[in-house]
Amino acid sequence: MVSAIVYQLTKDLTEEEIKKAGFDTYFVDHTTGVYPIAASGAAFSADTFSVAGDALTDLHEDLAAEQKARTTYDNILRFCGDDYDVRDPIRFLREREIVHYQRFGEALRIATDNLDSRNFYAFNPEFDKPKKRR
């Protein structure tokens, strides 16, 4: 969605405006096409997703990802001024990140409430199952 907003804002730029905005190196490779990259220039990759196969680890990773996305949206809102075609969708996305964060927090609480509270950080609940007695 953010890439689509960037496209919407840049599709009618002149060559001079592209150069002045520092958008020329991106433009050379992608014109004004939607190509998701970080502000640092790193292209989007599935490498950004982290899965450990441990419910507690993965829920903490999910919580962190939601907070990072919220921070990104906060920063976009600081720079976009009064352009409501940008502000409104970004505010929506930011609100969605907050709700996701809350739901992942609830899931983490449920997961930890159902584990042995004396050592739930001492094993992987997805792998280290309690031994069955014979």
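K.L.:
Give me the overall build of the chain: which residues, what numbers.
P.N.:
The helix and strand inventory of the chain stands at five helices and zero strands. For the chain, the succession of helices and strands along the chain, N to C, is α-α-α-α-α. The proportion of buried residues among the 134 residues of the chain is 22%. Of the contacts formed within the chain by residues at least 6 apart in sequence, a portion of 60% connects residues at least 24 apart. Surface accessibility of the chain: about 10,300 Å² in total, with carbon and sulfur atoms responsible for 54%.

K.L.:
Please give an account of the side chain of Arg87 that cites residues and values.
P.N.:
Examined against the element boundaries, Arg87 turns out to sit in helix α5 (residues 84-113). As a buried residue without a salt bridge, Arg87 has its nearest oppositely charged side chain in Asp82, at a separation of 5.2 Å. Looking at Arg87, its side chain comes within polar contact range of the main-chain oxygen of Gly81, at 3.0 Å. Once residues lying within four places of it in the same chain are set aside, the contact partners of Arg87 are Leu77, Cys80, Gly81 and Asp82.

K.L.:
Tell me what's going on with the packing of helix α1 (residues 2-10) against α5, and back it up with residues and numbers.
P.N.:
Any two packed helices are characterised by how steeply their axes cross, that is the angle between the axes, and by the distance between the axes. Where α1 contacts α5, the two axes come as close as 11 Å, and the packing angle between them is 175°. It follows from the interaxial angle that α1 and α5 lie roughly antiparallel. Each of Val2, Ile5, Gln8 and Leu9 in α1 lies in contact with α5, whose residues at this interface are Asp85, Val86, Pro89, Ile90 and Leu93. The residue inventory of the contact of α1 with α5, partitioned by class, reads seven nonpolar, one polar and one charged.

K.L.:
How would you sum up the pattern of salt bridges? Please name residues and give values.
P.N.:
Where charged atoms of side chains with opposite charge meet at close range, the side chains can pair. Summed over all chains, the structure comprises five salt bridges. For Glu106, the salt bridge is made with Arg103, and the minimal N-O distance between the two is 2.9 Å. One end of the pair, Glu106, and the other, Arg103, are both in helix α5, three residues apart, so they sit about a helical turn from each other. When its relative accessible area of 41% is taken as the criterion, Glu106 is described as partly exposed.

K.L.:
An account of the nonpolar core is requested, with residue identities and associated values reported.
P.N.:
The nonpolar side chains of a soluble globular protein tend to be buried, and buried together. Ranked by size, the top nonpolar core spans eight residues in total: Ile5, Ala69, Tyr73, Leu77, Cys80, Val86, Ile90 and Leu93. Counting residues per element, the ones that place at least two in this core are α4 (55-79) and α5. Once residues within four sequence positions are removed from consideration, Ile90 is found in contact with Val2, Ile5, Tyr73, Ile76 and Leu77.

K.L.:
Lay out the confidence of the model for the chain with the relevant residues and their values.
P.N.:
Here the chain averages 84 in pLDDT, while 87% of its residues score no lower than 70. In the model of the chain, α1 stands out as the element of lowest mean pLDDT, 78, in contrast to α5, which has the highest, 93.

K.L.:
An account of α5 is requested, with residue identities and associated values reported.
P.N.:
Count 3.6 residues to each turn of an α-helix, and residues three or four apart come out pointing the same way. In this model α5 runs 43 Å from its N-terminal to its C-terminal C-alpha over 30 residues, within 8% of the 44 Å that 1.5 Å per residue would give. All of the buried residues in α5 are Val86, Arg87, Pro89, Ile90, Leu93, Glu97, Leu108 and Thr112. Next to the buried residues of α5 lie α1 and α4. For α5, the N-terminal capping position is held by Asp83, with its side-chain oxygen 3.0 Å away from the main-chain nitrogen of Asp85.

Parameters and conventions
- Residues numbered from 1 in each chain as written.
- Predicted model: local features only at pLDDT ≥ 70, side-chain atom pairs only at ≥ 80, totals over all residues.
- Heavy atoms only, no water.
- Helix = DSSP H or I, 4+ residues; strand = E, 2+ residues; numbered from the N terminus.
- Buried < 20%, exposed > 50% of the residue type's maximum accessible area, 1.4 Å probe, protein only.
- Contact = heavy atoms within 4.5 Å.
- Areas by Shrake-Rupley, 256 points an atom, 1.4 Å probe, with all protein chains shown as cover.
- Lys, Arg positive; Asp, Glu negative; His and termini not counted.
- Salt bridge = Lys/Arg side-chain N within 4 Å of Asp/Glu carboxyl O.
- Polar contact = N/O pair within 3.5 Å; in protein donor to acceptor, adjacent residues only side chain to side chain.
- Axes fitted to C-alpha atoms, helices over the stretch in contact; angles between N-to-C directions.
- Parallel < 35°, antiparallel > 145°, perpendicular 65-115°, else oblique.
- Nonpolar A, V, L, I, M, F, W, Y, C, P; charged D, E, K, R; others polar.
- Core = buried A, V, L, I, M, F, W, Y, C linked by side-chain atoms within 4.5 Å.
- pLDDT = per-residue confidence, 0-100.
- Expected span 1.5 Å × (residues − 1).

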